[in-house]
Amino acid sequence: MPATVVVGLQWGDEGKGKTTDLLAASVSLVVRYQGGDNAGHTVVIGDEVFKLHLVPSGVLHPHITPVIGNGVVVNPKTLLTEMAMLAERGIDPSRIRVSRAAHVIMPYHVALDGAAEARLASDGLGTTRRGIGPTYADRSARLGIRMGDLLEPEALRQRLARILPERNAILVDAYGQPAFVLDDLVAEAASWGERLRPHIVDTTTLVQDALERGEHVLLEGAQGTLLDLDHGTYPYVTSSNPIAGGACTGGGIGPLQVDQVIGVMKAYSTRVGTGPFPTELDDVTGRHLLEKGHEFGTTTGRQRRCGWFDAAPLRMAVAINSVSSIMVNKLDILSGLPEIRLCTGYAVDGAPVRWPVPLTELERATPIYRTFPGWDADLTDVRRMVDLPAEAAAYVDALEELAGVPITLVSVGPERTQTIVRTGRVQPTGRRSTEHALDLRVAPAIG
Ligand code: IMP
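In every chain, residue numbers begin from 1 and rise along the written sequence. In view of the model being predicted, local features appear only for residues whose pLDDT reaches at least 70, and side-chain atom pairs are presented and counted only at 80 or more, with totals across whole chains, interfaces and linings using the full set of residues. No hydrogens and no water enter the side-chain calculation; it runs on all heavy atoms of the structure.

Asker: Sorry, what's going on with the overall build of the protein here?
Answerer: Labels follow the DSSP assignment, with helices taken as runs of H or I lasting at least four residues and strands as runs of E lasting at least two, numbered in each case from the N terminus. In terms of regular secondary structure, the protein is built from twelve helices and 21 strands. Note that the radius of gyration is over C-alpha atoms, with the globule rule given as 2.2 Å times the number of residues to the power 0.38. Radius of gyration (C-alpha) of the protein: 22 Å, near the 22 Å computed for a compact globule of 447 residues. Dimensions along the principal axes, computed over C-alpha positions, put the protein at roughly 65 × 50 × 40 Å. Within the protein, the fraction of its 447 residues that count as buried is 58%. When checking whether two residues touch, look at their non-hydrogen atoms; a contact exists if any pair is within 4.5 Å. A fraction of 76% describes how many contacts in the protein between residues 6 or more apart in sequence connect residues 24 or more apart. Note on areas: Shrake-Rupley with a 1.4 Å probe; residue coverage comes only from the protein chains shown. Summed over its atoms, the accessible surface of the protein is roughly 17,600 Å², and 53% of this surface lies on carbon and sulfur atoms. For the purpose of charge, His is not counted, nor are the chain termini; Lys and Arg are scored as positive and Asp and Glu as negative. Every charge is mapped onto a representative atom, which is NZ of Lys, CZ of Arg, CG of Asp or CD of Glu. Separation between the mean location of the 43 positive side-chain charges and that of the 52 negative ones in the protein comes to 2 Å. Burial status follows relative accessibility: with a 1.4 Å probe on protein chains alone, a residue under 20% of its type maximum counts as buried, one over 50% as exposed, and anything between as partly exposed.

So, in structure tokens, the structure goes:
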């Protein structure tokens, strides 16, 4: 019963959608296990561009059941909008399943997130203002509304009648924002429930039944390891656990049911929002990465901060995710740079430090770099490692050595075919490799 977790090893936006797409042919279920509509991926099919925030990218493959797991926080408005957009463009959304235990992002969560960020201004976290933090906070405080609650309006009314006065008090008194009206909220939530009723199920049973039948389940993480609530650069993190362990709690799967974990990273680093970023480049190289790499957020349109690849947290990221193999994306973006730097660790006050580094130290950490010669050749048509410029191959080898697990896939462009498969790499766990399951036919491409 193979289950594969796809997890980001950096600050999100590593291109996890492309990994999912490569494996889609062998997969029957794609399960999102955390986050909400703060995530985003752009999917290109021929001339068509799809922008998805909540629905797993597997929806574009007719044989896949896309599942929104219990660990996800769901804004029903976003979900209904994405479903309508898909239907309009000829993609059947009826297969989408949402966990009845997934928490609902209510309108007051979005208002609270926005108000808190606005008040903190430049001292804020730079959240996506989608209500993610307040919804997870209410989940932990046991004051949340779950998708299943939307199906029982009377019980929902009673629950909201208990919760709403406190939320309204914060909005009105602390932030000077308008209050929400109970009747309006209940009516809106009940209408979401009616429209989503066929999709709201117990997704843990769905996942477990599929595994029992021997089907391949893919668990798709959003954001990345360095934005993990526990293991990231707290407090500049998201409010969920993007790490592979989150796939168990948020996807309804046991640790030993996970067959392999594919860690996804870009050939350089990006970060959206505030928080320490030791390898950030505020110069011509940073602009090269931003512009050539199209590093603009899918959800907010914000420019991503760009910098050299930061391998200081890499070993820890590989360990805590039990990464069995790695996909490196966007190697082609580095073409044209005279030299390439790779951060192998940090010094704080002149002394080397080991990840994890306390926030105050991270803020003044100096990267320790290894410098590699660059290359000019366009890589987008390369399909074999031997055809890469020697400099690019040496850079991939260095990344692999620092990670301590094989890099089995190297992406040189957004299309599915623009992928180098490094065959015969031995995984540390001796686990089955994904090579046999890869689908390298043309389009769709997911970035
Ligand atoms: P939140 O998840 O909206 O609460 O935002 C918390 C932090 O995570 C902010 O710095 C966001 O920019 C960042 N973040 C959230 N989702 C993503 C993502 O999908 N990619 C990159 N950064 C993200």
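Asker: What is the right way to look at the sheet that holds strand β20 (residues 419-421) in this model?
Answerer: The pairing of strands in a sheet happens through backbone hydrogen bonds and is either parallel or antiparallel. A sheet is described by the order of its strands in space; here ten strands give the open sequence β9-β7-β5-β2-β10-β1-β11-β15-β19-β20, paired in mixed fashion. Taken across any chain shown, the strands that pair with only one partner, and hence form the sheet edges, are β9 (200-201) and β20. Any two strands with at least two DSSP-identified bridges between them are counted as paired. One ladder, built from four bridges, connects strand β1 (residues 3-8) with strand β10 (residues 217-220); its direction is parallel. Counted as the bridge partner of Val-6 is Glu-220 from β10.

Asker: What's the story with the site of the ligand in this structure? I'm lost.
Answerer: Near residues are defined by distance, with any heavy atom within 4 Å of the molecule or strand qualifying the residue. In the vicinity of the ligand, 16 residues are found, and the nearest of them are Asp-13, Asn-38, Thr-128, Thr-238 and Val-272. Side-chain polar atom of Asn-38 to an oxygen atom of the ligand: 2.8 Å apart, as the coordinates give it. For this analysis, a polar contact is any N or O atom pair within 3.5 Å, provided that within protein one partner can donate a hydrogen and the other can accept it, and provided that sequence-adjacent residues contribute only side-chain to side-chain pairs. The separation between an oxygen atom of the ligand and a polar main-chain atom of Leu-125 is 3.5 Å. When the free accessible area of the ligand is taken as 470 Å², the share hidden by the protein chains comes to 96%. Partitioning the shell around the ligand into residue classes produces seven nonpolar, seven polar and two charged. Each domain's limits were defined by an automated method or a database of domain assignments. Mapped onto the domain boundaries, the shell around the ligand takes at least three residues apiece from domain 1 (3-85 + 202-446) and domain 2 (103-198). Classes in brief: Ala, Val, Leu, Ile, Met, Phe, Trp, Tyr, Cys and Pro nonpolar; Asp, Glu, Lys and Arg charged; the others, Gly included, polar.

Asker: Teacher, can you tell me more about the nonpolar core here?
Answerer: A general tendency of soluble globular proteins is for nonpolar side chains to be buried together. The set of buried Ala, Val, Leu, Ile, Met, Phe, Trp, Tyr and Cys residues whose side-chain atoms join them within 4.5 Å is what this entry labels a nonpolar core. Counting 59 residues, the largest nonpolar core has Ile-326, Leu-331, Leu-334 and Tyr-395 as the members making the most contacts within it. Examining the composition of this core, we find that seven residues originate from one element, helix α12 (residues 390-403), more than from any other. Residues within four places of Leu-331 in sequence aside, it is in contact with Ala-267, Trp-375, Leu-379, Leu-388, Ala-392, Tyr-395, Val-396, Val-410 and Ser-411. Listed in part, the 38 residues of the second largest apolar core include Val-74, Leu-80, Leu-86 and Leu-196.

Asker: Would you take a moment to explain the packing of aromatic side chains for this structure?
Answerer: Here the distance between the centres and the angle between the planes together describe a pair of aromatic rings. Between 30 and 60 degrees the pair is tilted, below 30 it is stacked and above 60 it is edge-to-face, where a pair is any two Phe, Tyr or Trp rings, Trp via its six-membered ring, whose centres lie within 6.5 Å. Applying the stated criterion to the full structure yields four aromatic pairs. Ring centres 6.3 Å apart and planes at 55 degrees place the aromatic pair Tyr-346 and Trp-355 in the tilted group. Relative accessible area serves as the criterion here: at 10%, Trp-355 is assigned to the buried category. Between Phe-372 and Tyr-395, the aromatic rings sit 5.7 Å apart at their centres with planes inclined by 85 degrees, giving edge-to-face as the arrangement. Of the two residues, Phe-372 is situated in strand β18 (residues 366-373) and Tyr-395 in helix α12; the sequence distance between them amounts to 23 residues. Take Phe-372 and Tyr-395: they sit in the same class, and that class is buried. Above the face of the Phe-50 ring, Arg-89 is positioned so that its terminal group lies 4.1 Å from the ring centre. We call a charge positioned over a ring when the NZ of a Lys or the CZ of an Arg lies within 6 Å of the ring centre and within 35 degrees of the ring normal.

Asker: Quick question: what am I supposed to make of the domain arrangement of the protein here?
Answerer: Bring the parts together and some accessible area is lost; that lost area is often taken as the interface size. Parsing the protein into structural domains produces domain 1 (3-85 + 202-446) and domain 2 (103-198). On a C-alpha basis, the centres of domain 1 and domain 2 stand 30 Å from each other. Across the contact, 26 residues belong to domain 1 and 22 residues belong to domain 2. Of the roughly 1,900 Å² buried at the junction of domain 1 and domain 2 (both faces included), carbon and sulfur atoms supply 62%. On the domain 1 side of the interface with domain 2, the three residues burying the most area are Val-73, Pro-76 and Leu-80, jointly 29% of the side's total. A side-chain nitrogen of Lys or Arg and a carboxyl oxygen of Asp or Glu constitute a salt bridge if their distance falls within 4 Å. Summed over the shared surface of domain 1 and domain 2, the result is one salt bridge. Between Glu-188 and Lys-77 there is a salt bridge, and its shortest N-O distance comes to 3.9 Å. Across the contact surface, domain 1 and domain 2 share eight residue pairs in polar contact (both at pLDDT 80 or more). Contributions of two or more residues to the side of domain 1 that touches domain 2 are made by β6 (73-74) and α2 (76-88). A 1.4 Å probe defines the accessible area here, and the buried area is the portion of it lost by two parts on being joined, summed over both.

Asker: Which parts of the structure should I look at to understand the pattern of salt bridges?
Answerer: As a working rule, side chains carrying opposite charge can pair if their charged atoms are close by. For the structure shown, the criterion picks out 21 salt bridges. In this structure, the salt-bridge partner of Asp-387 is Arg-384, at a minimum N-O distance of 2.9 Å. A residue is classified by how much of its surface remains accessible, and Asp-387, at 42% relative accessible area, is partly exposed. Among the charged side chains, a salt-bridge network with shared partners connects Asp-13, Lys-266, Glu-295, Arg-304 and Lys-330.

Asker: Hey, could you run me through the side chain of Lys-16 in this one?
Answerer: If you trace the backbone, Lys-16 turns up in helix α1 (residues 16-23). The residues contacting Lys-16, other than those within four sequence positions of it, are Val-6, Val-7, Gly-8, Gly-221, Ala-222, Gln-223 and Val-264.

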